[in-house]
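# Residue-level structure breakdown
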Amino acid sequence: MNVPFRVALTADFRGPDGTPRYRDVGLSLFDDVTGITVNHFAEHSAEIQPDQLSGVNGVIVLTPKVTARSLTAANDLLAIGRFGVGYDSVDVAACTAADVVLMITTGAVDRPVAEATVGWMLALTHHFRMKDRLVREARWNDRSQYMGCELRERTLGVIGFGGIGRSLVKLLSGFGMNTPLVFDPFTTDEAVAAFGAKRVSLDELLMQSDFVSLHCPLNEQTRNLIGDRELRLMKPAAYFINTARGGIVVEEALFDALSNGRLAGAALDCFNDEPLTQPPRFAELDNVLLAPHCIAWTDELFRDIGRTACQGMIDLYHHRRPIGVVNPEVFNRPGFQSKWERLTT
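Residues numbered from 1 in each chain as written. Predicted model: local features only at pLDDT ≥ 70, side-chain atom pairs only at ≥ 80, totals over all residues. Heavy atoms only, no water.

## Describing the sheet that holds strand β12 (residues 288–290)
Sheet strands pair by backbone hydrogen bonding; their relative direction is either parallel or antiparallel. What the seven strands build is an open sheet, ordered β8-β7-β6-β9-β10-β11-β12; its pairing is parallel. Each edge of the open sheet carries a strand with a single partner, namely β8 (198–199) and β12. Summarising the sheet, strand β11 (residues 265–268) and β12 pair through three bridges and their orientation is parallel. Looking at the pairing, Ala266 lines up with Val288 of β12. (Pairing = 2+ DSSP bridges. Helix = DSSP H or I, 4+ residues; strand = E, 2+ residues; numbered from the N terminus.)

The following block contains the structure:
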């Protein structure tokens, strides 16, 4: 081919002055690939604008939404790579209709999110936040009011048993916990048992678990999956952890359960409306830990996500099917096949 394959990154990978926000997002993988050029969008937009995709063959997306409107002039766009595994911000049907393959970074987030979840479990049960405050406020003698508990002999409930859920169960295998419980309608008893866990109904998981951790995608089946009825099934001494998506849990119901002592505590990385422009109601509660959808962010995480996203673009450029394709049916579309032949080598 005579023209380069153009890969663009959304503008939020850089700060206002144009300098990189993150140490390594895998772009070095392109260094030895002749024929691929890389640049960044000039401006950040909450939704990718049609003109931003002009002349772009592949785009790696951090936070902007990809809508049907975004793709109205995407004649030369072959691929969208989501920087992560969640893709509720992307109109998948619109991508397929526009003959655009959507990729996620399968596997790259598993260990960091699982590790962050373990950290939150320890922080909640040992009252890290309050014990830090006792020292800062010189309240030494109040320490006996914050007796913690160990993970030993407690039960973990995992909602969604993909790569993150499996990694979490593996990491916790040395803590002396009870057999983990799993709710996931898209797996099998045998697949769960292979990780030393037990597959149960959602209600059984909620009633028996000391920790309930969300690791499922947000879609029409999981939206508002955890509401008032479900939260009332949980033990008063249990903890709720969400590193998945805000829309999976009804925030008003969770706030009510936490503020009225029907749950021991929670750790929340995700919210219904992001980014937050003012403190949420949860900030009023001392039994809640909060993070701005970044609790698992590490240099290693961004490096591995970036390498996976970049490798997906390289695979497509060399006419190979990448991993992590969300809409594999697009490969059977004549329009995609024609575009793939025209734009790649």
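There is more to say, and it comes next.
## Some points on unusual backbone geometry
Here Glu274 and Pro275 are connected by a cis peptide whose omega angle stands at 0 degrees. Note on placement: Pro275 falls in the loop between β11 and β12. A positive phi angle, near 60 degrees, is found at Asp99, a position not held by glycine. Following the sequence through the fold, Asp99 ends up in the loop between α1 (92–97) and β5 (101–103). According to the relative accessible area criterion, Asp99 is buried, its value standing at 13%. Despite not being glycine, His293 has its phi angle at roughly 50 degrees, a positive value. Mapping His293 onto the fold places it in the loop between β12 and α9 (299–317). Owing to a relative accessible area of 23%, His293 belongs among the partly exposed residues under this scheme. (Buried < 20%, exposed > 50% of the residue type's maximum accessible area, 1.4 Å probe, protein only.)

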